[in-house]
Amino acid sequence: MSSKLVVVTGASSGIGEATARRFGQAGAHVVLLARNADRLERAAHEVRAAGGTATALAIDLQNRAETLDAAARISGDIGTPDLLVNNAGIGRWRPLVETGPDEAAAMIGVPYLAAFNLTRAFVPAMIERGSGGIAFVTSPASYLAWPNASAYIAARRAIAGFAESLQSELKTAGIVVTIVVLGTVETPYFDNNPGSRENIPELDSRLAPVLTADQAAEALFQGTEQRKRFVVKPGIYRALFVMNALFPKTVASQIRRAAKKGRRTGA
């Protein structure tokens, strides 16, 4: 395993917790970042039980000062990460008229600004060392659009644009940037963001099955260890992205129908 020191944001539950545990199984030292100290410590215990070592740092990633202080502590006390996993994200999928300015700002704060601040803090040392990995966990919203999730989609587009730019910018520095696009994953996210599940476009479950957090974590683990630039799961979304580039009106129409179907059935 190339990633021996791994920093994971949003690590107290869901995809982040499963990712931290998966790297722990491979023997990594995982630094877990999230707001809830109790849940974070339980997740750190799971990493240790899986065979890794863990450091839990309870911070608010929307707070720039706290984020930069945590990055400095990690660098000074533990070292420069081999892999930074920008996984934390918040925000409800709601229509524009039901989304307040503060809520929209928070969705830009996490994931985008949190990912920017941590990445900016660790990259200089990665460049100096000549190696490192950065993973950005995002959703199909980075490349597709549907009704009633405008602020969420905008935040995810920001993440994708940032990550794609870094892939070009850091290519010669020995740093691999991996964009991990995941379809619907069954996690506490939807419990914490009520009203979002109803706005998921409903695709054929045979082509786009709902993922478990462990399946998502395994895709991320394999993708970063294999130094891939782009990981998509389920794979049907990769085909949709290509079709959207070639036939945007057709795909937009199909996605709108899927979104309407999702609202009718309460997907």
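Residues numbered from 1 in each chain as written. Predicted model: local features only at pLDDT ≥ 70, side-chain atom pairs only at ≥ 80, totals over all residues. Heavy atoms only, no water.

1. Observations concerning the packing of helix α1 (residues 14-25) against helix α2 (residues 37-50)
Then, in step 1: At a minimum axis distance of 7 Å, the contact between α1 and α2 shows a crossing angle of 25°. Comparing their axes, α2 and α1 come out roughly parallel. α2 is crossed by α1, and the crossing has right-handed handedness. Taken together, the residues of α2 that come into contact with α1 (itself represented by Glu17, Ala20, Arg21, Gly24 and Gln25) are Ala43, Glu46, Val47 and Ala50.
Then, in step 2: Here the residues of the contact of α1 with α2 are counted per class, giving 4 nonpolar, 2 polar and 3 charged. (Axes fitted to C-alpha atoms, helices over the stretch in contact; angles between N-to-C directions. Helix = DSSP H or I, 4+ residues; strand = E, 2+ residues; numbered from the N terminus. Parallel < 35°, antiparallel > 145°, perpendicular 65-115°, else oblique. Left-handed = near helix turned anticlockwise from the far one by under 90°. Contact = heavy atoms within 4.5 Å. Nonpolar A, V, L, I, M, F, W, Y, C, P; charged D, E, K, R; others polar.)

2. Here we look at the packing of α1 against helix α7 (residues 213-225)
Then, in step 1: For the pair α1 and α7, the least separation of the axes is 8 Å and the interaxial angle reads 55°. Classed by the angle they form, the pair α1 and α7 counts as oblique. Pair α1 / α7 crosses with right-handed handedness. For the pair α1 and α7, contact is made by Gly14, Ile15, Ala18, Thr19, Arg21, Arg22 and Phe23 and by Ala213, Asp214, Ala216, Ala217, Glu218, Leu220, Phe221, Gln222, Thr224 and Glu225, respectively.
Then, in step 2: Taken together, the residues of the contact of α1 with α7 sort by class into 8 nonpolar, 4 polar and 5 charged.

3. Describing the packing of aromatic side chains
Then, in step 1: Evaluated as defined, the whole model comprises 10 aromatic pairs.
Then, in step 2: Their ring planes at 45° and their centres at 5.4 Å tell us that Trp93 and Trp146 sit as a pair that is tilted. You can see Trp93 sitting in the loop between β4 (83-86) and α4 (101-129) and its partner Trp146 sitting in the loop between β5 (132-138) and α5 (150-169), a full 53 residues away along the chain.
Then, in step 3: What makes Trp146 buried here is its relative accessible area of 10%.
Then, in step 4: An angle of 40° between the planes, with centres 4.8 Å apart, marks the rings of Trp93 and Tyr152 as tilted. With Trp93 in the loop between β4 and α4 and Tyr152 in helix α5, this residue pair connects regions lying 59 residues apart in the sequence. Of the two residues, Trp93 and Tyr152, neither departs from the other in class, the shared state being buried.
Then, in step 5: Taken together through their ring pairs, the aromatic side chains of Tyr112, Phe116, Phe136 and Phe162 make up a single cluster.
Then, in step 6: The positively charged end of Arg22 is found above the aromatic ring belonging to Phe221, 3.8 Å away from the centroid. (Phe/Tyr/Trp six-rings, centres within 6.5 Å; stacked < 30°, edge-to-face > 60°. Buried < 20%, exposed > 50% of the residue type's maximum accessible area, 1.4 Å probe, protein only. Lys NZ or Arg CZ within 6 Å of the ring centre and 35° of its normal.)

4. A word on the pairing of strand β3 (residues 53-58)
Then, in step 1: Across 6 bridges, strand β2 (residues 29-34) lies against β3 in parallel orientation. When the bridges of β3 are listed, Leu32 appears paired with Ala56.
Then, in step 2: Read as a crossover between parallel neighbours, the route from β2 over α2 to β3 is right-handed. (Pairing = 2+ DSSP bridges. Right-handed = clockwise from strand over helix to strand, strands pointing away.)

5. Side note on the UniProt feature "domain: Ketoreductase" (unreviewed entry) in the protein
Then, in step 1: Mapped onto this structure's residue numbering, the UniProt feature "domain: Ketoreductase" (unreviewed entry) falls at residues 4-188.
Then, in step 2: Helix makes up 48% of residues 4-188 and strand 21%. Its end C-alpha atoms lie 28 Å apart. (UniProt positions renumbered as here; feature names shortened; annotations may be inferred.)

6. Focus on the layout of surface pockets
Gaps left between atoms are located by rolling a probe of water-molecule size over the structure's atoms.
Then, in step 1: Looking at the second largest pocket, its volume works out to about 250 Å³.
Then, in step 2: Lining the second largest pocket we find 14 residues, and of these Leu203, Asp204, Leu240, Gln254 and Ile255 sit closest to its centre.
Then, in step 3: Of all the secondary structure elements, the ones that give two or more residues to the lining of the second largest pocket are α8 (236-246) and α9 (248-265).
Then, in step 4: Here the lining of the second largest pocket takes 6 residues from α9, the largest share from any one element. (1 Å grid on protein atoms, 1.4 Å probe; cavity = no way out; pocket = protein on both sides within 12 Å on 5 of 7 lines; lining within 4 Å. Points joined across faces, edges and corners; volume = space filled by probe spheres on them.)

7. Some thoughts on the pattern of salt bridges
Then, in step 1: This structure, assessed with the given rule, holds 6 salt bridges.
Then, in step 2: Note that Glu218 and Arg22 form a salt bridge whose closest N and O atoms lie 2.6 Å from each other. Residue Glu218 is found in helix α7, and its partner Arg22 is found in helix α1; the two are separated by 196 residues along the sequence.
Then, in step 3: Residue Glu218 is classed as partly exposed on the basis of its relative accessible area, which comes to 29%.
Then, in step 4: Residues Arg92 and Glu103 are paired through a salt bridge, measuring 3.5 Å at the closest nitrogen-oxygen approach. Residue Arg92 is located in the loop between β4 and α4, and its partner Glu103 is located in helix α4; the two are separated by 11 residues in the primary sequence. (Salt bridge = Lys/Arg side-chain N within 4 Å of Asp/Glu carboxyl O.)

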